[in-house]
Amino acid sequence: MKNYRYCFKKLLKFIPAGFIAVMLISYGFPHKDSVEKSIRCLNLTNISCPRCLPQSARHIVPEKKTLCLKLSGRLGNNLFQIASVFGIARAKDMHFTLKYSQHLKHLKEIFKIESLLVNISCPENFITDVKHCSFSNVVLKYPNNKDYLMYGYFQSWLYFFSVEPEIRTMFTFQSKIRDEAQNILRNITQFHHQKYSLTNNNSMTYVGIHIRRGDFLKERNVKLGYKTAPALYFENAMEYYRKQFTNYIFIVCTDDIEWSTKNLGHKSTYYVHEAFYIDFAVLSMCNHSIISVGSFSWWSAWLANGQTVYYPHPFEKNTYLETKFSSHTRDYFPLDWIPIDI
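Residues numbered from 1 in each chain as written. Predicted model: local features only at pLDDT ≥ 70, side-chain atom pairs only at ≥ 80, totals over all residues. Heavy atoms only, no water.

The protein is annotated in an unreviewed UniProt entry as L-Fucosyltransferase of Octopus sinensis. Recorded in UniProt for the protein, the comment headed Pathway (unreviewed entry) runs: "Protein modification; protein glycosylation." Listed under Subcellular location (unreviewed entry) in UniProt, the entry text for the protein is "Golgi apparatus, Golgi stack membrane". (UniProt positions renumbered as here; feature names shortened; annotations may be inferred.)

Listed below in structure tokens is the structure:
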């Protein structure tokens, strides 16, 4: 028996491990799983099998733990949650997964995020944010040797600026939505050229404007501190772009058409009022942005990736909402975005 074992060990030195595994499994070796496991472990750099290494060698291939995100809120909230927790997981060298939900189902209908891993259940240990619209180092200080459920809003670009290219790829629109949004912009452009007798040689600059009012005007939200941007802000923001460009089109998406048409100028201004995800795609395809308040506005501008003008007073002083922002709000608004006051 000893001679047999000695010969087998000598054989391993000259015959590839993978070949031996295939032969043993193919000819009915009684413990196939054990053989596969042992062969994988002949290579100590194989990270797919950390548990089968000797205790002394396991530090070579540490098993990554997972941050499992539970989505909540609407579109803009969900995009912040995914981008931020993805960035946190990358910073802490952990896996990122999503807990299955209807939110995720709807997001997959809008974006090409099929590659994200999904869990039916998530761990009991959880991490949440305290100030929804600010950055917190505390979130990054949790040890990465446990699995965590991530629950909160995490609305700060600082969580994911280091993985920005991956986030932009992740939030690519489904082809059907992209095509519909592009068709809307194409039709507006053709109408504009005809109206002002322009030629196709006149290249246009598209400025997306999002105006959110509806739910923020409800009594409960007003008491919480939510604000809506006034007409003078939009007037000043539009003038900012008029001074830069000669051929421009303002594309307005809003939940209050009546207020918007009454308070915004009509020249070179066009209104789009489709399904929310089409409006969102249209805004994100513009060259530059004017945003009001809320995460829907924020993400339409971030995805457009041009100049962004924003209203610098997203909350009333001494209210609940103020406690959810950092004192300077630049955790929430990227540093290269442009505040325009009234």
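Now that the structure has been shown, the text picks up again.
(A) Seen up close, the nonpolar core. I82, F111, F160, I167, F171, W298 and W299 are the most contacted members of the largest nonpolar core, which has 67 residues in total. For this core, the element with the most residues is helix α4 (residues 75-91), which contributes 9 residues. Split by domain, the residues of this core number at least three in each of domain 1 (66-171) and domain 2 (175-339). Counting 20 residues, the second largest nonpolar core, distinct from the first, contains A237, Y241, W259 and Y311. (Core = buried A, V, L, I, M, F, W, Y, C linked by side-chain atoms within 4.5 Å. Buried < 20%, exposed > 50% of the residue type's maximum accessible area, 1.4 Å probe, protein only. Helix = DSSP H or I, 4+ residues; strand = E, 2+ residues; numbered from the N terminus. Domains from an automatic or database assignment.)

(B) Quick look at the pattern of salt bridges. The full count for this structure, using the stated rule, is 9 salt bridges. The residue K64 makes a salt bridge to D93 at a minimum N-O spacing of 3.0 Å. Here K64, found in the loop between α3 (32-40) and β1 (66-69), pairs with D93, found in the loop between α4 and β2 (95-99); they are 29 residues apart in sequence, far enough to count as distant. We classify K64 as partly exposed; its relative accessible area is 40%. Taking relative accessible area as the criterion, D93 reaches 45% and is therefore assigned partly exposed. For D256, the salt bridge is made with R213, and the minimal N-O distance between the two is 3.0 Å. Taken as a pair, D256 in the loop between β7 (248-254) and α10 (257-263) and R213 in the loop between β6 (205-211) and α8 (219-224) lie far apart in primary sequence, 43 residues in all. For the pair D256 and R213, one class covers both residues: buried. (Salt bridge = Lys/Arg side-chain N within 4 Å of Asp/Glu carboxyl O.)

(C) Structural context of the packing of aromatic side chains. Counting across every chain of the model gives 35 aromatic pairs. Centroid distance F280 to F296: 5.0 Å. Interplanar angle 65°. Geometry classified as edge-to-face. Highlighted residues: F280 in helix α11 (residues 276-284) and F296 in helix α12 (residues 295-304), separated in sequence by 16 residues. (Phe/Tyr/Trp six-rings, centres within 6.5 Å; stacked < 30°, edge-to-face > 60°.)

(D) Structural detail: the sheet that holds strand β8 (residues 269-271). The parallel open sheet is built from 6 strands, whose spatial order is β8-β7-β6-β9-β10-β11. Edge positions in the open sheet fall to β8 and β11 (338-339), since each of these has one partner strand only. By the bridge criterion, 3 bridges tie β6 to strand β9 (residues 288-290) in an arrangement that is parallel. When the sheet's bridge partners are listed, G208 is paired in β9 with S289. Docked against the sheet, helix α9 (residues 231-242) engages β6, β7, β8, β9, β10 (308-310) and β11, running at close to 160° with respect to β9. (Pairing = 2+ DSSP bridges. Contact = heavy atoms within 4.5 Å. Axes fitted to C-alpha atoms, helices over the stretch in contact; angles between N-to-C directions.)

(E) Fine view of the sheet that holds β2. Read from one edge to the other, the open sheet built from 5 strands follows the order β3-β2-β1-β5-β4, with strand pairing classed as parallel. With partners counted over all chains shown, the strands left at the sheet margins are β3 (117-119) and β4 (126-127), one partner each. Across 2 bridges, the pairing between β4 and strand β5 (residues 148-150) is parallel. The residue of β5 that forms the bridge with F126 is L149.

(F) Representation of unusual backbone geometry in the model. With a phi angle near 55°, D93 is a residue other than glycine that sits in the positive phi range. With a phi angle near 60°, N318 is a residue other than glycine that sits in the positive phi range. Within the secondary structure, N318 sits in the loop between β10 and β11. Using a relative accessible area of 76% as the deciding quantity, one classes N318 as exposed.

(G) Representation of the packing of α4 against α12. At a minimum axis separation of 7 Å, α4 and α12 run at an interaxial angle of 60°. The orientation of α4 relative to α12 falls into the category oblique. Judged by the sense of rotation from one axis to the other, the crossing of α4 with α12 is left-handed. In this structure, α4 contributes L75, G76, N77, L79, F80 and A83 to the contact, and α12 contributes S295, F296, W298 and W299. Partitioned by chemical class, the residues of the contact of α4 with α12 number 7 nonpolar, 3 polar and no charged. (Parallel < 35°, antiparallel > 145°, perpendicular 65-115°, else oblique. Left-handed = near helix turned anticlockwise from the far one by under 90°. Nonpolar A, V, L, I, M, F, W, Y, C, P; charged D, E, K, R; others polar.)

(H) Focus on the side chain of T189. Mapped onto the elements, T189 comes out in helix α7 (residues 175-195). Beyond its immediate chain neighbours, meaning those up to four positions away, T189 contacts M204, Y206 and I249.

(I) Broad picture of the pairing of β1. Alternating positions in β1 separate into two faces, T66 and C68 on one and L67 and L69 on the other, with burial throughout. With 4 bridges joining them, β1 and β2 adopt parallel strand pairing. Bridge pairing in β2 links C68 to T97. Assessed by its sense of winding, the connection that carries the chain from β1 through α4 to β2 is right-handed. Two strands pair when backbone bridges link them, and β1 and β5 are joined in this way by 3 bridges, in the parallel orientation. Across the sheet, the residue bridging to L69 is M150, located in β5. (Right-handed = clockwise from strand over helix to strand, strands pointing away.)

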